[in-house]
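# Working through the structure, step by step
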Amino acid sequence: MQLETMAKDVGADPERISKFKDLALDTMLSARRPDMNLGTLLDSKYGRQALFRAEKEGLWIGRPVELPGSRPLQFEGAASLGAEVASWPNDHVIKCLVFYNPDDPETLRRQQLVQLHRLTSAARLSRHEFLIEVIGTAEGKTGEMATSEAMQQIYDEGIRPDWWKLTDQTDAGWAAIGAVIENNDRWCRGILLLGLDAPFDELESSIARAAGSRHVRGFAVGRTIFGDAARGWLANDIDDATAQKMMKERFERLISCWVEARRREAA
């Protein structure tokens, strides 16, 4: 959705987004290091070719199923979510973003949870891992316990995602999230930190803080890495090489931030 907005803003053909995703994948692969695992979140609308290449490279792959911006949650693609994901390779992870606040009205919360039950059933029947990405809202509960309370409400429904993707937290927030996972699903694969287009310095601080949680496995951020490059490239202000150079510098800087933070924690 963000790339479509960028293309519209500069008058670019949306079909160019597919080419940009190929450039971004090339950049990721060029930054690969032996001391880390590499993965990507990719959609099939503009990223089909990149998906094929990512699969060939053996990357961890997450694929979104939510209708962008929907609240209550709706699914994109085939009418049957189960039929949609059953056609995917077995190692692809189903990724679902839900805008969820623990203080949402009961009717809204129930609509969202019903959809998350559908997601869980589709994933279990197709034997895919699934990831729930929780983004809070300005309406309702805010503060350092909001995310952990939202997770607990989801766990209370018997929904146990293999992965979570969560926003920046305070140290107390990460501790509360860790306790929720330990108390509800000690087999959870872990958490990926999302970026929400945060300024670069803020995201580095977020990564350093998240690295203190043993449940956080890494980060999965987009626009902080590719946003400026995408705008310039879609507007034809920069060429392929310049866009890749911009993305690689930012990606490698975040990787170094993560690795160094983990080393400090280990020490």
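As shown above, the structure is provided for reference.
Read on for a plain summary of the structure. (Residues numbered from 1 in each chain as written. Predicted model: local features only at pLDDT ≥ 70, side-chain atom pairs only at ≥ 80, totals over all residues. Heavy atoms only, no water.)

## A look at unusual backbone geometry
A cis amide bond links arginine 71 with the next residue in sequence, proline 72, at an omega value of 10°. Structurally, proline 72 can be placed in the loop between strand 2 (60-64) and helix 4 (81-86). Here the phi dihedral of aspartate 197 falls at roughly 60°; this positive angle occurs in a residue that is not glycine. Tracing the backbone through its elements, the reader meets aspartate 197 in the loop between strand 6 (190-193) and helix 8 (200-210). (Helix = DSSP H or I, 4+ residues; strand = E, 2+ residues; numbered from the N terminus.)

## So, the pairing of strand 3 (residues 92-99)
When you tally the buried positions in strand 3, you get seven out of eight residues, the bulk of the element. Where strand 2 and strand 3 come together, four bridges link them in parallel fashion. Across the sheet, isoleucine 61 pairs through a bridge with histidine 92, a residue of strand 3. Where strand 3 and strand 4 (residues 130-135) come together, six bridges link them in parallel fashion. Bridged to leucine 97 within strand 4 is glutamate 133. The parallel pair strand 3 and strand 4, bridged by helix 5 (residues 106-126), forms a crossover whose chirality is right-handed. (Buried < 20%, exposed > 50% of the residue type's maximum accessible area, 1.4 Å probe, protein only. Pairing = 2+ DSSP bridges. Right-handed = clockwise from strand over helix to strand, strands pointing away.)

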